[in-house]
There are 2 protein chains.
Amino acid sequence: MNYSKQRESVLQALRENVVHPTAEYIYDIMSKSDNPVSLATLYRNLNQLTEAGKIKKIDGLENSAHYDHNTSEHYHFICTECKKVFDVPAEVADAVVKNTEEKTGFVIQSHDVIFRGLCNNCKNR
Amino acid sequence: MNYSKQRESVLQALRENVVHPTAEYIYDIMSKSDNPVSLATLYRNLNQLTEAGKIKKIDGLENSAHYDHNTSEHYHFICTECKKVFDVPAEVADAVVKNTEEKTGFVIQSHDVIFRGLCNNCKNR
DNA sequence: AAATTTATGATAACAATTCTCAGTTTATAA
DNA sequence: TTATAAACTGAGAATTGTTATCATAAATTT
């Protein structure tokens, strides 16, 4: 993987975004910035960065993928009201994995958890 | 929701399939059966059945959704080798939810867990 | 059995993503 | 340094999974 200005900008855009954005969202904010990229380049780089483990792709939310610059082990929460995505700690992860490996005999390489509910803003109306 | 022969066949096809199929897979096997349905009808019914809680839609696996006739609480495992999807027990679910609610303050309405790894067939080459 | 509601198939439309390809950058090697 | 190769880019076409449209048909209600 070579260096490229565009890829750097994509990473940068992700880092500046607390609320894990979709490709479309990133595209829009980058388009308004002084470092716009084409859609093809954006998707290409999101895939490459994911592949390289520099960002995380979050599937299973609505129709489109979300992206996360936080690569440490953690889970995700999506608010059914405001649709924002939050990181949540994955404290019981080891227990979950061990338990499942024991029950099934399967070899677990990774796992993802998505919670749905109301965030602290939305739960108080 | 009215009765319909086609919807019954869709449910039937799902029940006969241990390995949670995609819409495309169901469409293919039904097309070869003596109860074929159109793609539109298939998707319509999968959505309705999901809505009605009679089946479960599994998002976050590859590109397309998988469907599960098992509506009891459980998690899913996809084999990275053979791509089959298995049910796994959700025994620690309560602990996971409670822990996360306490740490975040969020109200959790539901959660999904997807494991990736090697199933019993594939782990032995 | 007429009227109303809901379902169907064929196919068009759609949204998210990937592919193609000619031109440009970046890295490598002579 | 050039010059060669490898990786990257933007524009837009193509693909994929899914939903919408609509005329007809089946199911339910009266």
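Here, the structure is the one placed above.
These figures come from a predicted structure and were not determined experimentally.

Student: Before we move on, can you summarise the relation of the copies chain A and chain B with the specific residues and values?
Tutor: The transformation that overlays chain A on chain B combines an axial shift of 0.1 Å with a rotation of 179°, and the residual RMSD is 0.3 Å. Such values leave the two copies arranged in the relation of a two-fold axis. Considering only C-alpha atoms, the residue of chain A closest to the rotation axis is Gly60(A), which sits at 2.0 Å. Interface overlap between copies is the fraction of interface residues in one copy that are interface residues in the other; for chain A against chain B it reaches 100%, indicating a shared surface.

Student: Break down the nonpolar core for me, citing the residues and quoting the values.
Tutor: Counting residues in hydrophobic clusters, the biggest one holds 30 residues, and the most contacted among them are Tyr75(A), Phe77(A), Phe115(A), Tyr75(B), Phe77(B) and Phe115(B). Elements with a contribution of two residues or more to this core: strand S3 (74–79), helix H4 (93–104) and strand S5 (107–118) of chain A together with strand S3 (74–79), helix H4 (93–104) and strand S5 (107–118) of chain B. What Phe77(A) contacts, discounting residues up to four positions off in sequence, is Lys84(A), Val85(A), Phe86(A), Val88(A), Phe115(A), Arg116(A), Gly117(A), Leu118(A), Cys119(A), Phe106(B), Val107(B) and Ile108(B).

Student: Please give an account of the protein's contact with DNA strand C that cites residues and values.
Tutor: Around DNA strand C, the surrounding shell holds 19 residues, and the nearest of these are Tyr43(A), Ser4(B), Arg7(B), Thr41(B) and Arg44(B). Near the protein, within 4 Å, the atoms of DNA strand C are sugar or phosphate in 74% of cases. Residue Arg7(B) places a side-chain N or O atom 2.9 Å away from a phosphate oxygen belonging to DNA strand C. At 3.0 Å, a side-chain N or O of Ser38(B) approaches a phosphate oxygen of DNA strand C. Looking at the surface near DNA strand C, the elements with two or more residues in it are helix H3 (39–51) of chain A together with helix H1 (5–15) and helix H3 (39–51) of chain B. Counting residues per element, the surface near DNA strand C draws most heavily on H3(B), at 5 residues. Classifying every residue of the surface near DNA strand C by side-chain character gives 7 nonpolar, 10 polar and 2 charged.

Calculation rules
Residues numbered from 1 in each chain as written. Chains lettered and ligands numbered in written order. Predicted model: local features only at pLDDT ≥ 70, side-chain atom pairs only at ≥ 80, totals over all residues. Heavy atoms only, no water. Least-squares fit on C-alpha atoms with pLDDT ≥ 70 in both. Contact = heavy atoms within 4.5 Å. Core = buried A, V, L, I, M, F, W, Y, C linked by side-chain atoms within 4.5 Å. Buried < 20%, exposed > 50% of the residue type's maximum accessible area, 1.4 Å probe, protein only. Helix = DSSP H or I, 4+ residues; strand = E, 2+ residues; numbered from the N terminus. Near = heavy atom within 4 Å. Polar contact = N/O pair within 3.5 Å; in protein donor to acceptor, adjacent residues only side chain to side chain. Nonpolar A, V, L, I, M, F, W, Y, C, P; charged D, E, K, R; others polar.

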